[in-house]
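Chain by chain, the residues:
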Amino acid sequence: MKKTILVVDDFASIRDYVCETLQRKGYDTLGASNGNEAYAVLTAKSDQVSLVLTDYNMPDCTGFELLKKIKGNPTVSKVPVVFLTTESNPDKMRSAREAGLSAWIKKPYRAETFFAQIENAMSNG
Amino acid sequence: MDSNQRRFIEDALDLLNELDEGLLQLEANPHARAPLEQVFRTMHTIKGAANMFGFENIGTLAHHLETLFDYVRQQQMQVTDELISITLQAFDKVRDLLKETDIASITSSDALNEHTARAIEFHRMADATLNPGNGASALQKDELCTFSIDIVPTLPITEDGNHPLVFIIQDIAALGTALTRVMKDATGNVAKWELYVATTVSQEELESYFIFVDGDCTVAFRKLASQSLFDQPHFIAYIQSLGDAPADPHTLMSWAGQKIAAKAENNDSTDDEPMSSGRRKVLNDTYIKVNKDNIDNLLNWISELIILQARFANAAAAIDSVELKDATEELYRVTHQLRDTSLEIGLVPVETLVTKFKRLVRDLSKNLDKKVNFLSEGAETKVDKDVIELMADPMIHLIRNAIDHGIEKPSERRASGKAEHGTVKLKAFTAGSYVNITISDDGKGISKENVLRKAVEKGIVSKDALLSDDEILQLIFHSGLSTAATVSDVSGRGVGMDVVKQKIHELRGDVSIKSFPGEGTSVHIRLPMSRSIIEGLLIRIGSSEYILPLTAVDKCYEVSTANLTADHCQKVMLDGALVPVFYMQEIFNERGHRPSILQVIKIHHDGYPVGITVDMILGEYQTVLKPLGDAYQHQEEFSGATILGDGRVALVFDTNKLVKRLILQPTV
């Protein structure tokens, strides 16, 4: 069965681009433009989503807040969360790691690294 | 350019407008958190997306500016005029660049050099202030260093496997000049990687690459030298001499002559305060972009539908059928609903102009050493996109005038007991199918004496003419009249207001001006919300029907035909005032039967009342304006035509041009 990845980014060109990239690799994708929207999608379709791939800096609900919400809700806390972001502050990375983040992919990314991180996150949770 | 890049450019231009808006808010409230976060986040998004889609030059510029705003966020720096200025100018350049058509010039690495250099210089100066006499600063990460990194996996990983670690090592190697050595154990799994890299990336950032694989490996960093060792032949020779043996840490460190950099444990909790900005619209999901031609097409077809519906209603009226009558009424309701909804599609909020105006006010007041606040009210008011585009320049001209001629210098304002900061205000609101826009200032007002004197000097009015205050103000719109004591390069040479008025008239709008000495000036513009739909009075003159735009209509009177003469222009007493009335039946050579009572419609012409006679007023009529064919392009009195319910054509008056012609030519 195809795995579904929820892509969260407030910038439509990036979100669309990432979705297309993932679709070409054989994934199904869902999109959301901020953390709140993503959380709503995820909780509604918790049995479908295999991974949440989210931006860090977003209005209304940041990637970090989304991460904390996901990890704090037992019904969806198993879904691995990966940040795809330009943010590269090591302290933020460590806090996110502690909060249960699976991987931190820096933009711009190399396709190989990108897919390796995603696949690794999905197989290891 | 690929489609992703094209889409990026479109989105980025939207983002740049938001950025402008945020920067201007920040300038007005340098300590406000919300605009600061918005500016920071927007730059961050631009940086990330630019890098992702291959616009490295924009990414680099955004990166340097973002760093500066990060200092502000961390309260290490204040928002200054200079910071705002270099940022605005830099992104202006980015905006210009994104409007280029070929990808090569957009991504040209030199295109943004000047602005990047300024940002770096500002950064350097900020650092010098932050850390006086101390070289340690964020900029240091731009210094080239050579690191050795030992990575020992704690689980079986093959060199060509799919473990993220394999790719992380490749990613780090790509950050500079690098050399990777792999040592394997007996089973062929990786025992250890030795990575040597000369890069400008800081050690802290390099370490961060391993945060998410820290359970799968141990990593040891050594900073070998504050330069690239890859141009040192003996370093390369040493590495090559190793064969499969691991390098000796002591030998390596002898290159550096320094201790292993102790990693400072930094346990500061990450501050992830919600970015407090509910204002930001999520443009992407609630809005879709549509080609404007499609909308124009849609409107055109709907206008045809409305005409057809009117014809249908006319035809149906002749048939006695309740069912047909019901269907006709329903059709009327649906077509008009459809028209209203589709008109709405082409409308954009005045807000799109407001940011532009804020910039203008800011830049201009700086140039002229004046202090000006710009306020906008009703920026959400919607107008046809074409109207907005055509009105941008006239409105810019009006705002320029307000700042250049209206608002006084701070010292002058103080002397006359006003606040140092002048105010230019834009107010927009909708009334019926018209949009009203007022641009006002609290400056010194227009000197009517000066205007009149100039007008007399230029022979626009005769020396002994008696003009009311309003009439004098109307002279402002006369071509070739400027009252600026010295002609400045800001407001031009009086070739402005007449063009402003002309543009507004072309849009079937109307402009008036009020000014009080010492209190300020206000210009009021009234525009139809849509260019193609027109609200008018359907009138009959002789045997033909015409549409008179409602904008021009003031009041209707009934006058006995016996009181009218064939004189070209006679004065008729209306509401106690003498109004010149044109006897249209005579002018149009309609010499048929006359009713005993004619209707006189009072219309405005440049603020003066003028009456025209018509045989009958048939009622209000909302209709679609169609251009006249090529053969009729030279006539002046009509702005277009429309098709009536019964299929006949009615001409639509352009009242300004009509009256002008009637006044200028004794006989038509």
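Residues numbered from 1 in each chain as written. Chains lettered and ligands numbered in written order. Predicted model: local features only at pLDDT ≥ 70, side-chain atom pairs only at ≥ 80, totals over all residues. Heavy atoms only, no water.

Details of the overall build of chain B
Part 1: When helices and strands are tallied, chain B shows 21 helices and 21 strands.
Part 2: Expressed as a percentage of its 668 residues, the buried residues of chain B come to 47%.
Part 3: The long-range fraction of contacts in chain B, counting pairs at least 24 apart against all pairs at least 6 apart in sequence, stands at 67%. (Helix = DSSP H or I, 4+ residues; strand = E, 2+ residues; numbered from the N terminus. Buried < 20%, exposed > 50% of the residue type's maximum accessible area, 1.4 Å probe, protein only. Contact = heavy atoms within 4.5 Å.)

Focus on the side chain of Thr29(A)
Residue and element names in this part refer to chain A.
Part 1: In this fold, Thr29 is placed in strand E2 (residues 28-32).
Part 2: By relative accessible area, which is 19% here, Thr29 ends up buried.
Part 3: At 2.7 Å, the side chain of Thr29 forms a polar contact with the side chain of Gln23.
Part 4: When sequence neighbours within four positions are dropped, the list of residues in contact with Thr29 reads Thr4, Ile5, Val7, Cys19, Leu22 and Gln23. (Polar contact = N/O pair within 3.5 Å; in protein donor to acceptor, adjacent residues only side chain to side chain.)

Description of the confidence of the model for chain B
Residue and element names in this part refer to chain B.
Part 1: The pLDDT averaged across chain B works out to 80; a share of 89% of its residues lies at or above 70.
Part 2: Predicted confidence is poor over residues 257-285, with pLDDT under 50, and the contacts of this stretch with residues over four places away or in other chains come to 51 contacts.
Part 3: Across residues 483-495, where pLDDT falls below 50, the model places 20 contacts with residues more than four positions away in sequence or in other chains.
Part 4: Across the interface, the model reports ipTM at 0.84; the global pTM reads 0.51. (pLDDT = per-residue confidence, 0-100.)

Remarks on the sheet that holds strand E2 (residues 177-184) of chain B
All names here are of chain B.
Part 1: Reading across from one edge, E2-E3-E1-E4 is the order of the four strands in this open sheet, with antiparallel pairing throughout. Unpaired on one side and paired on the other, E2 and strand E4 (217-225) mark the two borders of the sheet. Across this sheet, the average inter-strand angle for adjacent strands is 15°, counted without regard to direction.
Part 2: Its contacts with the sheet put helix H7 (residues 164-173) on strand E1 (145-153), E2, strand E3 (190-199) and E4, and the angle it makes with E3 is roughly 20°. (Pairing = 2+ DSSP bridges. Axes fitted to C-alpha atoms, helices over the stretch in contact; angles between N-to-C directions.)

Here we look at the interface of chain B and chain A
Interfaces are often sized by the accessible area lost when the parts come together.
Part 1: Contact residues are listed per partner, giving 42 residues for chain B and 48 residues for chain A.
Part 2: For the pair chain B and chain A, the number of links is four salt bridges.
Part 3: When the shortest N-O distance is used, the salt bridge between Arg7(B) and Asp16(A) registers 3.4 Å.
Part 4: Those elements that provide at least two residues to the side of chain B that touches chain A are helix H1 (3-28), helix H2 (33-52), H7, helix H8 (203-208) and helix H11 (283-286) of chain B.
Part 5: In terms of residue count, H2(B) provides more of the side of chain B that touches chain A than any other element does, eight residues in total.
Part 6: Of the residues that constitute the side of chain B that touches chain A, the class distribution is 15 nonpolar, 15 polar and twelve charged. (Salt bridge = Lys/Arg side-chain N within 4 Å of Asp/Glu carboxyl O. Nonpolar A, V, L, I, M, F, W, Y, C, P; charged D, E, K, R; others polar.)

Some details on helix H4 (residues 81-98) of chain B
All names here are of chain B.
Part 1: The first and last C-alpha atoms of H4 sit 25 Å apart over 18 residues, in line with the 26 Å expected at 1.5 Å per residue.
Part 2: Along H4, the positions that sit buried rather than exposed are Leu83, Ile84, Ser85, Ile86, Thr87, Leu88, Ala90, Phe91, Val94, Arg95, Leu97 and Leu98.
Part 3: Residues of H4 that are buried sit in contact with H1, H2, helix H3 (56-73), helix H5 (103-107), helix H6 (113-130) and helix H14 (351-367). (Expected span 1.5 Å × (residues − 1).)

Comments concerning the packing of aromatic side chains
Residue and element names in this part refer to chain A.
Part 1: Here the structure, examined in full by the defined rule, presents 18 aromatic pairs over all chains.
Part 2: Between Tyr56 and Phe83 the ring centres are 5.4 Å apart and the planes differ by 85°, which places this aromatic pair in the edge-to-face class. Here the residue Tyr56 occupies a position in the loop between strand E3 (49-54) and helix H3 (63-71), and Phe83 occupies one in strand E4 (residues 81-85), the gap between them amounting to 27 residues. With respect to class, Tyr56 is no different from Phe83; both count as buried.
Part 3: Consider the rings of Phe83 and Trp104, whose centres lie 5.4 Å apart with planes at 65°: the pair is edge-to-face. (Phe/Tyr/Trp six-rings, centres within 6.5 Å; stacked < 30°, edge-to-face > 60°.)

Focus on the pattern of salt bridges
Part 1: For the structure shown, the criterion picks out 40 salt bridges over all chains.
Part 2: Asp28(A) serves as the salt-bridge partner of Lys2(A), at 3.6 Å between the closest nitrogen and oxygen. Taken together, the positions of Lys2(A) in the segment before strand E1 (4-8) and Asp28(A) in strand E2 put the pair 26 residues apart, joining distant regions of the chain.
Part 3: Lys2(A) gets classed as partly exposed once you look at its relative accessible area, which sits at 46%.
Part 4: In this structure, the salt-bridge partner of Lys192(B) is Glu194(B), at a minimum N-O distance of 3.2 Å. Accessibility classification places Lys192(B) together with Glu194(B) in one group, the buried group.
Part 5: A single network of salt bridges, built from pairs that share partners, joins Asp20(B), Glu27(B), Asp81(B), Asp92(B), Arg95(B), Arg359(B), Arg362(B), Asp363(B) and Lys366(B).

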